[in-house]
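Chain by chain, the residues:
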Amino acid sequence: MDTVTARERLEEMRGQIDRSILVLQGEHPSGRVVSDSPQDPADAGSTLSETDRTEAALAAVQTQRRLVMDALVRLEHGSYGTCADCGKPIPEGRLDARPEAVRCVACQSKRDRRH
């Protein structure tokens, strides 16, 4: 993948992620929802569960944003598309599927098995 195309895709991903973050933060802008009115215990549990799901989704999206930002930095430094572990080029197909990829499939598989 050429650097221009990679940058365009990563910037587009960053924009989509930023929009998702805004939506998720808008659902519970101050974190946990607090209400002065008494709640049925079942409703309170439901609200907590929804808040927990939103916070988990927000954490996942923020992690994805960090990966995209790191890929943009690698692009700037000329190391984009090179596996962080073995130093070999990351195959074009992998970069097409995962433009933020840091490792080739073999090295990522090894890493996933260790963790």
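This one's a predicted model, so the numbers in the text were calculated from it and none came from an experiment.

A. Representation of the nonpolar core within the structure. Ranked by internal contacts, the top residues of the largest apolar core, which has 20 residues, are Leu10, Val68, Leu75, Tyr80 and Leu95. If you list the elements that add at least two residues to this core, you get helix H1 (3-27) and helix H2 (41-77). Excluding residues that lie within four positions of it along the chain, Leu10 makes contacts with Val68, Ala71, Leu72, Leu75, Tyr80, Pro99 and Glu100.

B. Structural context of a negative patch on the surface. A surface patch of like charges, here negative, comprises Asp2, Glu8, Glu12 and Glu92. Considering the arrangement of structural elements, one finds Glu12 in helix H1.

C. Seen up close, the side chain of Arg74. Counting through the fold element by element, Arg74 comes out in helix H2. Filtering out sequence-adjacent residues up to four positions away, Arg74 remains in contact with Ser79, Tyr80, Glu100, Ala101 and Val102.

D. Structural detail: the environment of Leu75. You can see Leu75 is positioned in helix H2. Looking at Leu75, the relative accessible area reads 8%, which means it is buried. Spatially, the C-alpha atom of Leu75 lies 7.1 Å from that of Thr3, the residues being 72 residues apart in sequence. If sequence neighbours within four positions are ignored, Leu75 has contacts with Thr3, Ala6, Arg7, Leu10 and Tyr80.

Cut-offs and rules
Residues numbered from 1 in each chain as written. Predicted model: local features only at pLDDT ≥ 70, side-chain atom pairs only at ≥ 80, totals over all residues. Heavy atoms only, no water. Core = buried A, V, L, I, M, F, W, Y, C linked by side-chain atoms within 4.5 Å. Buried < 20%, exposed > 50% of the residue type's maximum accessible area, 1.4 Å probe, protein only. Helix = DSSP H or I, 4+ residues; strand = E, 2+ residues; numbered from the N terminus. Contact = heavy atoms within 4.5 Å. Patch = residues over 30% accessible without salt bridge, like charges linked within 9 Å, V, L, I, M, F, W, Y side chains within 5 Å. Areas by Shrake-Rupley, 256 points an atom, 1.4 Å probe, with all protein chains shown as cover. Salt bridge = Lys/Arg side-chain N within 4 Å of Asp/Glu carboxyl O. Lys, Arg positive; Asp, Glu negative; His and termini not counted. Charge placed at Lys NZ, Arg CZ, Asp CG, Glu CD.

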